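Structural overview for review
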Amino acid sequence: MKLGIVGLPNVGKSTLFNSLTKAGAESANYPFCTIDPNVGVVAVPDERLNKLAQLYDSDKVTPAVIEFVDIAGLVKGASKGEGLGNQFLSNIREVDAIVHVVRCFEDTNIIHVDGSISPIRDIETINLELIFSDVEILDRRISKVTRGANNDKTLAKELALLNSIKAHLESGKLAKSYETDDEDELGWIKEYNLLTNKPVIFAANVKEDDLADDGAANENVAKVREFAANEGCEVFVVCAQIEQEISELDDDEKAMFLEELGLKESGLDKLIKASYSLLGLISYLTAGKQETRAWTITKGTKAPGAAGKIHSDFERGFIRAEVVNYQDLLDCGGTTVAKEKGLVGIEGKEYVVKDGDVILFRFNV
């Protein structure tokens, strides 16, 4: 899974990126300190892996990972060359979802590029820049398709779609609100990789005092939540500064620190949950002496497709899957007892994999 982090300058974007990835992107109290896109890979915390690894005495534990891409802060007019321009937006065209960091706290020591705190205005500013960037992509495609549209019905159909989406964007709407049931059109839209067609998770950046009640008393957070609900987006409340402090602690210290703050989970944990929920993802597990590993798949994936995550040969030569629930496996102390109790299922090609399934695939190529 790959997530792109966007936001205005000085909203806590790079501070959050640093804390999530410990990659050390420069963070300073002035716009445009992140000049190159920063990329960090983060392991998805999953306590099931360590427990399985102990059970199987595994030599290696491999968690699922998320790749974060942090780009320079965008400002109004970025598409017209203001600030650093929108040249960095190309770096997040390939992401699965966008994490939009929104500042929901007052601090006279940290300047705001527009002079005041207004999360909805900030969201709309960023959305407008994403729209302009998408229009630029569509214009290039229109130029290419127009040349052959007179002699090719398919190209003519695509040209009509391009112009229609462009008009939709120019009216201030996002690509994801464009409606069509036509399979050709859906395929083309996916191919364009438009930024405004990507799922969005809002990171409402608050002060430490607002963390304990998850931002319930913060009016700005309430506005972001209302906006997100109308747009079908996820929201998680985070204090980027606290996250940075947490990132420097070991696991035991981190647990104590979170408890002192009255928190059950870190911002990273919240973001991962929001990401999995928004993108409809789950994890299944494989376990053995050599390796215990988590594999991320889309909800509803059938056994052969899940096997293909490991290797294409597993999908091509799929015979069956031996499946046991993670908790059942732990309770039984291993597969032998689980089999004796009838808890290990022998599943075929139509089996839909569930979160927490521990699977052994049988295949032949």
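Residues numbered from 1 in each chain as written. Predicted model: local features only at pLDDT ≥ 70, side-chain atom pairs only at ≥ 80, totals over all residues. Heavy atoms only, no water.

**Points about the layout of surface pockets**
Space inside the largest pocket adds up to approximately 1100 Å³. Around the largest pocket, the lining comprises 38 residues; the ones closest to its centre are V44, P45, D46, K254 and D269. Counting residues per element, the ones that place at least two in the lining of the largest pocket are α1 (13-21), β2 (38-43), α2 (47-56), α7 (240-247), α8 (251-260) and α9 (267-279). Among the residues forming the lining of the largest pocket, the class breakdown is 18 nonpolar, six polar and 14 charged. (1 Å grid on protein atoms, 1.4 Å probe; cavity = no way out; pocket = protein on both sides within 12 Å on 5 of 7 lines; lining within 4 Å. Points joined across faces, edges and corners; volume = space filled by probe spheres on them. Helix = DSSP H or I, 4+ residues; strand = E, 2+ residues; numbered from the N terminus. Nonpolar A, V, L, I, M, F, W, Y, C, P; charged D, E, K, R; others polar.)

**Focus on the packing of α7 against α8**
In contact at an axis separation of 9 Å, α7 and α8 are set at 150 degrees when each is read in the N-to-C sense. By the angle between their axes, α7 is roughly antiparallel relative to α8. Listed contacts from α8 to I242, E245 and I246 of α7 are K254, F257 and L258. Looking at the contact of α7 with α8 residue by residue, the class counts come to four nonpolar, no polar and two charged. (Axes fitted to C-alpha atoms, helices over the stretch in contact; angles between N-to-C directions. Parallel < 35°, antiparallel > 145°, perpendicular 65-115°, else oblique. Contact = heavy atoms within 4.5 Å.)

**What about the sheet that holds strand β7 (residues 234-238)?**
Strand order in the open sheet made by the six strands is β2-β4-β1-β5-β6-β7, with mixed pairing throughout. Pairing within the sheet leaves two strands with one partner each, and these edge strands are β2 and β7. Across the sheet, the mean angle from the axis of one strand to that of its neighbour is 25 degrees, orientation sign disregarded. Of the pairings in the sheet, the one linking β2 to strand β4 (residues 65-70) comprises six bridges and is antiparallel in character. Residue pairing across strands places G40 opposite F68, the latter belonging to β4. (Pairing = 2+ DSSP bridges.)

**Observations regarding the packing of aromatic side chains**
Scanning the model with the defined rule gives five aromatic pairs in all. Judged by centre distance (6.3 Å) and plane angle (65 degrees), the ring pair of F318 and F361 falls under edge-to-face. Linking F318 in strand β10 (residues 318-325) with F361 in strand β12 (residues 357-363), this pair joins segments that are 43 residues apart in sequence. Pairwise contacts between aromatic rings join Y284, W295, F318 and F361 into one cluster. In this structure, R103 is placed above the aromatic ring of F105, and the distance from its NZ or CZ to the ring centre is 4.7 Å. Lying over the aromatic face of W295, R293 brings its terminal NZ or CZ to 4.1 Å of the ring centre. (Phe/Tyr/Trp six-rings, centres within 6.5 Å; stacked < 30°, edge-to-face > 60°. Lys NZ or Arg CZ within 6 Å of the ring centre and 35° of its normal.)

**A few points about α8**
Structurally, the start of α8 carries an N-cap: the backbone nitrogen of D252 is 3.2 Å from a side-chain oxygen of D250. After α8 finishes, the residue G262 shows a positive phi value of roughly 75 degrees. (Polar contact = N/O pair within 3.5 Å; in protein donor to acceptor, adjacent residues only side chain to side chain.)

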